[in-house]
Amino acid sequence: GPYEQTLKLEGVGYKLELIENSIKCTLGFSHPVIINIPSNIKIELINNKEMKGISNSLQDLTNFIQKIYQIKPAYKDKYKNKGFKLEKKNLGLNK
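Residues numbered from 1 in each chain as written. Predicted model: local features only at pLDDT ≥ 70, side-chain atom pairs only at ≥ 80, totals over all residues. Heavy atoms only, no water.

(A) Representation of the sheet that holds strand β3 (residues 22-26). The 3 strands are arranged β2-β3-β4 in an open sheet whose pairing can be described as antiparallel. On the outer flanks of this sheet lie β2 (15-19) and β4 (33-36), each paired with one strand and no other. Strand-to-strand, the axes of this sheet are offset by a mean angle of 20°, without reference to chain direction. Looking at chain direction, β2 and β3 are connected through 5 bridges and run antiparallel. Bridge pairing links Leu18 to Ile23 in β3. Against the sheet, helix α1 (residues 58-69) makes contact with β3 and β4, and its axis sits at roughly 170° relative to β4, the strand it touches most. (Pairing = 2+ DSSP bridges. Helix = DSSP H or I, 4+ residues; strand = E, 2+ residues; numbered from the N terminus. Axes fitted to C-alpha atoms, helices over the stretch in contact; angles between N-to-C directions. Contact = heavy atoms within 4.5 Å.)

(B) Focus on the confidence of the model for the protein chain. For the protein chain, the mean per-residue pLDDT works out to 91, and 91% of the residues sit at or above 70. Across the protein chain, the element-wise mean pLDDT spans from 94 in strand β7 (residues 83-86) up to 98 in β3. (pLDDT = per-residue confidence, 0-100.)

Below you can see the structure in the form of structure tokens.
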């Protein structure tokens, strides 16, 4: 069945938006970051700080989620913990 992975965003003023087949990430940089969504991945916004990726390809999904995560991973922000956080259950074993 399809695999799912969830990515959360933390930080005041940070947000996610779906625009056609891309994700707009407002992350405190001077410009929002826009990422095109591959055709075999479906993205659902749970809210404006949490997204779920769904795909039949675990590898493609993992690569895409990692690509977004690496734009601003929270662990690199030592004080405020602002940025993306991967949900731990993202092994594709829950389906």
